[in-house]
Amino acid sequence: MADEKLKNQPQHRQAKLAVSEVVTLALLFALKGANTRHFHRWLKRDYLPLFPSLPERTRLFQLFKRYRHLVNEFLADSTILGVTDSFGIEMCHPVREKRFPDRKRLGRKGKSNSRWIVGGKLCVVLNKLGLVCGFQTATANVSDTEFHTLLAEFEK
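The structure contained in this document is the topic of the report that follows.

Definitions and limits used
Residues numbered from 1 in each chain as written. Predicted model: local features only at pLDDT ≥ 70, side-chain atom pairs only at ≥ 80, totals over all residues. Heavy atoms only, no water. Phe/Tyr/Trp six-rings, centres within 6.5 Å; stacked < 30°, edge-to-face > 60°. Helix = DSSP H or I, 4+ residues; strand = E, 2+ residues; numbered from the N terminus. Buried < 20%, exposed > 50% of the residue type's maximum accessible area, 1.4 Å probe, protein only. Lys NZ or Arg CZ within 6 Å of the ring centre and 35° of its normal. Contact = heavy atoms within 4.5 Å.

What about the packing of aromatic side chains?
Each aromatic ring pair is summarised here by two numbers: the centre-to-centre distance and the angle between the ring planes.
Part 1 of the argument: Tallied over the full model, the rule gives seven aromatic pairs.
Part 2 of the argument: Centre to centre, the rings of phenylalanine 29 and phenylalanine 61 are 4.9 Å apart; their planes meet at 80°, and the pair counts as edge-to-face. Linking phenylalanine 29 in helix H2 (residues 19–32) with phenylalanine 61 in helix H4 (residues 57–66), this pair joins segments that are 32 residues apart in sequence.
Part 3 of the argument: Aromatic pair phenylalanine 39 and phenylalanine 61: ring centres 6.3 Å apart, planes at 70°, arrangement edge-to-face. Of this pair, phenylalanine 39 sits in helix H3 (residues 36–47) while phenylalanine 61 sits in helix H4; the two residues are 22 residues apart in sequence, bridging distant segments of the chain. One exposure class covers both phenylalanine 39 and phenylalanine 61, and it is buried.
Part 4 of the argument: Here the aromatic residues Phe29, Phe39, Trp42, Tyr47, Phe61 and Phe64 are joined through ring pairs into a cluster of three or more.
Part 5 of the argument: Above the face of the tryptophan 42 ring, lysine 32 is positioned so that its terminal group lies 4.5 Å from the ring centre.
Part 6 of the argument: One cation-aromatic arrangement involves lysine 109 over tryptophan 116; the distance from NZ or CZ to the ring centre is 5.6 Å.

Here it is in structure tokens:
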């Protein structure tokens, strides 16, 4: 599916992996949900014959970051009926907030579901089949009204 959707994507002349291969590996990483080291070790051990020019771990995850905008190619089509919800993702307990310097913390302190969290928020739009049509992320200190721009895309 990734090959078909991304066959017209330009590729850098020195690239060893095609864009569709990078996106396939990124989707596999999202589905597996493992640590980056464990994922790369597993990938090298089990799938090296399929990806013989696999870059080293940090370079691979830099490629994931570079091509993350292509995720929108794999979102489902919206339907007349759908649902949206935002929820907080706690990355650190608020009591332990001061133990981590600001430069190392990924999220911010804010309220989600009537309780304080330190982390981020994720807003997801689902169609009537339960497939993801759109998503947006923000830090925990923003209001849910920040996600109205995402919902405006599905107004019609």
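Comments concerning the environment of phenylalanine 147
Part 1 of the argument: With respect to the helices and strands, phenylalanine 147 occurs in the loop between strand S4 (132–139) and helix H5 (148–152).
Part 2 of the argument: You can call phenylalanine 147 buried: its relative accessible area is 2%.
Part 3 of the argument: Phenylalanine 147 sits 110 residues away from arginine 37 along the chain, and the two C-alpha atoms are 33 Å apart.
Part 4 of the argument: With sequence-adjacent residues up to four places away left out, phenylalanine 147 is seen in contact with Ser86, Lys121, Cys123, Gln136, Thr137 and Ala138.

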